[in-house]
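Examination of the molecular architecture
As a plain string of letters, each chain reads:
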Amino acid sequence: MKRHRNVKIVATLGPSSSTYEVIRALVEAGADVFRLNMSHGSHDEIRARHEIIRQVEADLGFPIAILADLQGPKLRVGTFANESEELEDGAAFRLDLSDAPGDASRVQLPHKEIFDALEPGASLLVNDGKIRLKVRDCGADFADCEVMVGGTISNRKGVNVPDVVLPLAALSPKDKKDLEFVCELGVDWLALSFVQRAADVEEARALAKGRASVLSKIEKPAAVRAFEEILAVSDGIMVARGDLGVEMPVHAVPTIQKRLTRLCRAAAKPVIVATQMLESMIESPMPTRAEVGDVAAAIYEGVDAIMLSAESAAGQYPVEAVQTMDNVAGEVESDPTYTEIIEASRRADSSSVAGAITAAAREIAEKTQVKAICCFSESGTTALMVARERPRVPIVAMTSLEKTARQLCLVWGTNCVVVPPVMRFKMAVVEAVRAAKALGLAEEKDNIVVTAGVPFNTPGSTNILRVAPCEERLIFASEPE
């Protein structure tokens, strides 16, 4: 399927979107990737959704990517004798390891690792930052705090610790079981929560063993500070603005989003912007103007994908939410200002043959009448580098590996096609021409650009570029072996 846009849409599945009919409707409305949230749903429910996606994929005849989002460690307070209490500004409040029911003066925080890392002056945020505590004194099993912003605190509310790097692994025992389950199931991407350092990502990669690509969720200040090291060992990035907006000043999030997007583009790694993009559409068939502006801003930045969470998982209008994103994307990408912004933010890569080849492919395509850039990519690297260029013409990413085609569904501008293995460049050109014509991107009279690595099936070996006619008779008459 040829989309009329380049940015991809990620839709989270849940109670509102678990049937074949709704999932197929989401694809037809514009969803390119489906997110399975491992925080919700049993393994049986996740398996059933996975099977439906693959059935829709088979029925529609083109690749669909599946992203499994691991829950990560959940830090929560304990329970209260009265189920909830009101904390007043300026009051003293203690967090400790005692499992006695809480009251207005204290409650359990059953995470010794937090006490080990805390220092006086550190902030603790409860219930998505609605309650803010400042540590005045602390030890191995307690933290005496001052209530900076009070409110209602109740059983098992979440806790954020923005000021310190916690001695916690990103993968809890539940996450490790979930990771193995979804890798065996055959998901294409793993989203890793609670990332604080590059070592967190490396642990997940070791457990995945190449069965899925690993995408790091940036939702903690420590991850922002260590971003370049995390990016280097990640296959992709999600700017998870929910927790990021709790743990950092909310006004800092837009600039962080823009900076991380630029770094991801420069590294030729896909980046998703997520959280509350069309939040009002959980209950309304129409988004707010501010939400539309938020979606548009991410697209203008050149992100690879924009994501729906509760809007498509639990909302009343999942298909309409996807359609809204699709409509906004079409409008933005038809704006001449969009092209100006994308091209002004492009960074040339002359450090490798592959980078120079893909930059040349984009340059040729934009300065001639070439209709598409077709790239052969077994590992996906060539397609990622072509997409980094953000060319004005469509990208056709061809591979003999279904897994690679599915993973590339997350990448900006890629039209993913599974083709038979090729051993000669001439046949690669023929397959490229056939794919471009089948997608409606070119006709017999047109030319396309073809990039590949020779010898074939060698990751990262992009070293050849050819402007080819779409008339096969001319290919066989003129193409080298």
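These lines cover the structure that appears in this document, whether it is placed above or below.

Parameters and conventions
- Residues numbered from 1 in each chain as written.
- Predicted model: local features only at pLDDT ≥ 70, side-chain atom pairs only at ≥ 80, totals over all residues.
- Heavy atoms only, no water.
- Salt bridge = Lys/Arg side-chain N within 4 Å of Asp/Glu carboxyl O.
- Helix = DSSP H or I, 4+ residues; strand = E, 2+ residues; numbered from the N terminus.
- Buried < 20%, exposed > 50% of the residue type's maximum accessible area, 1.4 Å probe, protein only.
- Contact = heavy atoms within 4.5 Å.
- Pairing = 2+ DSSP bridges.
- Axes fitted to C-alpha atoms, helices over the stretch in contact; angles between N-to-C directions.
- Polar contact = N/O pair within 3.5 Å; in protein donor to acceptor, adjacent residues only side chain to side chain.

A few words on the pattern of salt bridges. Applying the stated rule across the entire model yields 36 salt bridges. It is possible to trace a salt-bridge network through shared partners that takes in Arg346, Arg362, Glu363, Glu366, Lys367 and Glu389.

Tracing the backbone through its elements, the reader meets valine 253 in helix 9 (residues 253–266). We classify valine 253 as buried; its relative accessible area is 8%. Here the alpha-carbon distance between valine 253 and arginine 388, two residues 135 residues apart in the chain, equals 23 Å. Contact partners of valine 253, with chain neighbours within four places excluded, come to Arg241, Leu244 and Gly245.

Moving on to the sheet that holds strand 20 (residues 447–453). Sheet strands associate in pairs through backbone hydrogen bonding, adopting either a parallel or an antiparallel arrangement. Reading across from one edge, 19-18-17-20-21 is the order of the five strands in this open sheet, with mixed pairing throughout. Lying at the two open borders of the sheet, with one neighbouring strand each, are strand 19 (414–418) and strand 21 (462–469). Across the sheet, the axes of successive neighbouring strands diverge by a mean angle of 20 degrees, strand direction being ignored. Sheet analysis places strand 20 next to strand 21, joined by seven bridges and oriented antiparallel. Considered in strand 21, the bridge of isoleucine 448 is made with alanine 468. On the sheet, helix 17 (residues 425–438) packs against strand 17 (373–376), strand 18 (395–399), strand 19, strand 20 and strand 21 and is oriented at approximately 135 degrees with respect to strand 20.

Before going further, it helps to spend a moment on the side chain of arginine 346. Relative to the elements of secondary structure, arginine 346 occurs in the loop between helix 13 (336–344) and helix 14 (353–367). Polar side-chain contacts of arginine 346 include one of 2.8 Å to the backbone oxygen of glutamate 389. Setting aside residues up to four positions removed in sequence, arginine 346 forms contacts with Arg265, Arg362, Glu366, Glu389 and Arg390.

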